[in-house]
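Topology and contacts: notes
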Amino acid sequence: MTQHTRPARPFGAVGTAMVTPLTEDATGIDLDAAQRLAAHVVEHGNDMIVVSGTTGEAPTLSDTEKVELARAVREAVGPEVTILAGVGTYDTAHSIHLARAHAELELDGLLVVTPYYSKPGQAGIIQHTLAVADATDLPVMLYDIPGRAGVPLALDTLLRLGEHPRILAVKDAKGDLHQATEVMQRTDLAYYSGEDALNLPWLSIGASGIVSVLSQVAGDIDKRMIDAVDRSDLTAAREAHQQRTPLVTAIMNRMPGAVSAKTALALQGVLPHATMRSPLLAADAEQTRALAEALDAAAGIPPLDPARRPSA
């Protein structure tokens, strides 16, 4: 077995997959709102922010917008908070371009998703990922999400990529805890839960932390859960898990996570509005009311802004 010499948490513990606040007409990014949101999530328990991920509507952001967003978030939270930027695409050359564009921003790492839509074989995935990792000196977190990418990272692929000195972690939205246990035993790769419903199971088998949609709405609960796991207090960890479960249902299961999270943040008064960029549509009145009811019923999260509360 490989001797584990890397930090147990190369990218922190409580990560948020941050939404991207847009202008009200969706033609640009509201960088001021993004900076306020970044400060808010750090205030509420997060020590890592991922920008330009799935929840950040990355496929609809221009390269310039992605760089401006990462720069603004870094300025907002300073060097103490870990910042990762999503740079993976289905095009190796474009991914390398994005990686190099972000390398000048004093970020802490890059999130590199499995090439989506193209559905390459495992050899192609390895070649693509190594090329991106070799393009800069920034550490890399792999993103294994076959439900969106179309192909998973196979065991042998993870073992091979884990040999690279700058590939440090995996954000897993695949849910194969058995495979991950073997990878953690045979490599130094750290695992981060990328599926909010499975955060506690992941932590229980040795995951380093989470990259969560929910944590930008309920980060204090997630931090309490991770702190409980760290001190081996299963009862307290389970209580936090159960407290957040209705929020997982409300935010992750009824609408796309980006829509729900943005709507929740607007209801809490953190964002000025919940504008989405097409093809995603903003929550309608009925969806907004149902989400507001779920947030109202939850404990341990910032309350709704009375001025934003939807009418009955």
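Residues take numbers from 1 onward in each chain, read along the sequence in its written order. Given that this is a predicted model, residues contribute local features only at a pLDDT of at least 70 and side-chain atom pairs are listed and counted only at 80 or more, while totals for whole chains, interfaces and linings are drawn from all residues. Each side-chain value is derived from all of the structure's non-hydrogen atoms; neither hydrogens nor water enter the calculation.

Per an unreviewed UniProt entry, the protein chain carries the name 4-hydroxy-tetrahydrodipicolinate synthase and comes from Brachybacterium muris UCD-AY4. UniProt positions are given in the numbering used here, feature names are shortened, and annotations may be inferred rather than shown by experiment. Taken directly from UniProt, the Catalytic activity (unreviewed entry) text for the protein chain runs: "L-aspartate 4-semialdehyde + pyruvate = (2S,4S)-4-hydroxy-2,3,4,5-tetrahydrodipicolinate + H2O + H(+)". The annotation that UniProt attaches to the protein chain under Subcellular location (unreviewed entry) is "Cytoplasm".

**Let's talk about the UniProt feature "binding site: pyruvate" (unreviewed entry) in the protein chain**
Taking the UniProt record as the reference, the feature "binding site: pyruvate" (unreviewed entry) is found at T55 and V211. Taken together, the annotated residues stretch across 157 residues yet fold into one region, lying no more than 10.8 Å apart by C-alpha. Each helix is a run of H or I in the DSSP string that is no shorter than four residues. Each strand is a run of E no shorter than two, and both are numbered from the N terminus. The residue T55 is located in the loop between β2 (48-51) and α2 (63-77) in this model. Any two residues having at least one pair of non-hydrogen atoms within 4.5 Å are treated as being in contact. When sequence neighbours within four positions are dropped, the list of residues in contact with T55 reads A17, M18, V19, T20, V213, Q216 and A258. Mapping V211 onto the fold places it in strand β8 (residues 209-212).

**A few points about the pairing of strand β3 (residues 82-86)**
We call a residue buried when its accessible area falls under 20% of the maximum for its residue type, exposed when it is over 50%, and partly exposed in between, using a 1.4 Å probe and counting protein chains only. Counting buried residues in β3 gives 5 out of 5 residues, a clear majority hidden from the surface. With burial as the criterion, each face of β3 is covered, one bearing T82, L84 and G86 and the other bearing I83 and A85. We treat two strands as partners when DSSP finds at least two bridges between them. In this structure, β2 lies alongside β3, joined through 4 bridges in parallel fashion. Looking across to β3, one finds that V50 is bridged to L84.

**Some words on the pairing of strand β4 (residues 109-113)**
Regular strands place side chains that alternate from one sheet face to the opposite one. Across the 5 residues of β4, 5 count as buried, placing the element largely inside the fold. Residues of β4 alternate between two faces, with G109, L111 and V113 on one and L110 and V112 on the opposite face, all of them buried. Whether a crossover is right-handed depends on one test, that the path from the first strand over the helix to the second runs clockwise when the strands point away from the viewer. Once the chain exits β3 it traverses helix α3 (residues 92-102) before rejoining the sheet at β4, and the crossover so formed is right-handed. The pairing of β4 with strand β5 (residues 140-144) spans 4 bridges and is parallel. The residue of β5 that forms the bridge with V112 is L142. Once the chain exits β4 it traverses helix α4 (residues 122-133) before rejoining the sheet at β5, and the crossover so formed is right-handed.

**Considerations on the pattern of salt bridges**
A carboxyl oxygen of Asp or Glu within 4 Å of a side-chain nitrogen of Lys or Arg is what we treat as a salt bridge. Enumeration according to the criterion identifies 13 salt bridges in this entry. D227 serves as the salt-bridge partner of K223, at 2.8 Å between the closest nitrogen and oxygen. Here K223 pairs with D227, and both are found in helix α9 (residues 215-230), just 4 residues apart, close to one helical turn. Here the residues in one salt-bridge network are D196, D222 and R244, joined through shared partners.

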